[in-house]
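# Structural description and commentary
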Amino acid sequence: MQLDLTDRDFRNFSTLIYEKSGINLHHGKRELLKARLAKVLRQFDFKSVGDYYDFLMQDTSGDAFIPLLDVISTNLTAFLREPKHFEFLAETAVPELCAAAGTGNAGRIRVWCAGCSSGEEAYSIAMTMLEALPENRRPDLRILGTDISTRMLQLAEKGVYEASRVDKVPYAMRRQYFQKGVNRWKGFYRVKPLVRDIVQFRRLNFIEPFAFSRPFDIVFCRNVMIYFDKETQEKLVNRFHEVIQGAGYLFIGHSESLTGVRHRFRYVRPSVYRK
Ligand SMILES: C[S@@+](CC[C@H](N)C(=O)[O-])C[C@H]1O[C@@H](n2cnc3c(N)ncnc32)[C@H](O)[C@@H]1O
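Residues numbered from 1 in each chain as written. Predicted model: local features only at pLDDT ≥ 70, side-chain atom pairs only at ≥ 80, totals over all residues. Heavy atoms only, no water.

As a structural note, the neighbourhood of the ligand is formed by 22 residues, with S21, T77, R81, E121 and D147 the closest of them. One of the side-chain N or O atoms of R81 is found 2.8 Å from an oxygen atom in the ligand. Contact with the protein chains removes 99% of the 600 Å² of surface that the ligand exposes when unbound. (Near = heavy atom within 4 Å. Polar contact = N/O pair within 3.5 Å; in protein donor to acceptor, adjacent residues only side chain to side chain. Areas by Shrake-Rupley, 256 points an atom, 1.4 Å probe, with all protein chains shown as cover.)

Now the structure itself:
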């Protein structure tokens, strides 16, 4: 479908998307918005961008926005993406948390993978931490993966990935934590229950209130804030500060920076911060 997107349509949709998700679609993103709107219009058989906009404006439940936010979000991810973070997690953060778990953390470690996309990042955290934690005195480890995209969360929950995505995981880790598919699942890998059991996924939109029963020791929020403006980034980073306990860690993407964002974290190394 050749889509007509007037200046007014662009303004309407970019404002709406900003209000609903914090995602900042500046003028350079016009073609991207056009392509993604075409997809959703086709899917739901809307005749024009205007009809679709009117439909969204009439919705009071918030549900109508879910497919729009699903197509707008960019979901690029990979297992063990930005490996330096996983090295730091295994060599520095985990030993520290274990020491703290022994002295008053009730033997529990909680990690939030915020903006987890299709699950690779949350499972990478889980596998890295299982490897690094002492087997005989392993604290109760829980990882929560959240995302705005219901489509990505469905994939994350399945935990089934094409072999080409899993091939980059080191052989020993792959053997330990993945089941290789056979017959109709040939060419796929499935994350084993020992990993899936400690990872939970749920929908969470960063611009809505957080409702967590317990604080986190570590928050990963990587390659998400690049889609937000400084104001939204600042609010989010300060809300992360509130839900992290003790001297917990915040990991952001290597191409992101908190420069120009007022926050209370201590800088540890590029893209690693500490409460
Ligand atoms: C590029 S992916 C990054 C995935 C992973 N963190 C990584 O670094 O590989 C960005 C993710 O942020 C999610 N996202 C964008 N806006 C969001 C919002 N307002 N609330 C929650 N998640 C959001 C997207 O759906 C997408 O899956």
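Below, the discussion takes up the sheet that holds strand β7 (residues 216–221). As summarised here, the arrangement of the 7 strands in space is β6-β2-β1-β7-β8-β10-β9, forming an open sheet in which the pairing is mixed. Looking along the sheet, the strands with just one partner apiece sit at the ends: β6 (199–203) and β9 (266–269). Taking each pair of neighbouring strands and ignoring which way they run, the sheet shows an average axis angle of 20 degrees. Bridge count for β7 against strand β8 (residues 244–252) is 5 bridges, and the pairing is parallel. The residue bridging F216 from the neighbouring strand is I244, located in β8. Running at roughly 145 degrees to β8, helix α11 (residues 230–243) makes contact with β1 (108–114), β7 and β8 of the sheet. (Pairing = 2+ DSSP bridges. Helix = DSSP H or I, 4+ residues; strand = E, 2+ residues; numbered from the N terminus. Axes fitted to C-alpha atoms, helices over the stretch in contact; angles between N-to-C directions. Contact = heavy atoms within 4.5 Å.)

Read from one edge to the other, the open sheet built from 3 strands follows the order β3-β5-β4, with strand pairing classed as antiparallel. Looking at strand neighbours, the two that pair on one side only are β3 (160–162) and β4 (178–180), the edges of this open sheet. Neighbouring strand axes in the sheet, compared pairwise and without regard to direction, differ in orientation by 30 degrees on average.

Turning next to the nonpolar core. L37, L68, W112, F206 and F240 are the most contacted members of the largest nonpolar core, which totals 49 residues. Those elements giving two or more residues to this core turn out to be α1 (7–21), α2 (30–44), α3 (49–58), α4 (65–72), β1, β7, α11 and β8. Two domains each provide a minimum of three residues to this core, namely domain 1 (7–71) and domain 2 (83–274). When neighbours within four sequence positions are excluded, F206 is seen to be in contact with W112, A114, G115, C221, V224, F228, L236, R239 and F240. One finds L97, L141, L153 and A163 within the second-largest nonpolar core, a separate group that totals 43 residues. (Core = buried A, V, L, I, M, F, W, Y, C linked by side-chain atoms within 4.5 Å. Buried < 20%, exposed > 50% of the residue type's maximum accessible area, 1.4 Å probe, protein only. Domains from an automatic or database assignment.)

Let us now look at the domain arrangement of the protein chain. As assigned here, the protein chain comprises domain 1 (7–71) and domain 2 (83–274). Using only C-alpha atoms to locate each centre, domain 1 and domain 2 end up separated by 29 Å. Between domain 1 and domain 2, the residue contacts involve 10 residues of the former and 12 residues of the latter. Taking both partners together, domain 1 and domain 2 bury about 980 Å²; carbon and sulfur atoms supply 49% of that area. The largest per-residue losses of area from domain 1 upon contact with domain 2 belong to Y18, I66 and D70, which jointly make up 42% of the total buried on that side. In this assembly, domain 1 and domain 2 are joined by 0 salt bridges. Inspection of the domain 1/domain 2 interface yields 7 residue pairs in polar contact (both at pLDDT 80 or more). Counting only elements with at least two residues in the side of domain 1 that touches domain 2, the list comes to α1 and α4. Residues that form the side of domain 1 that touches domain 2 fall into these classes: 4 nonpolar, 3 polar and 3 charged. (Buried area = accessible area lost by both parts, 1.4 Å probe. Salt bridge = Lys/Arg side-chain N within 4 Å of Asp/Glu carboxyl O. Nonpolar A, V, L, I, M, F, W, Y, C, P; charged D, E, K, R; others polar.)

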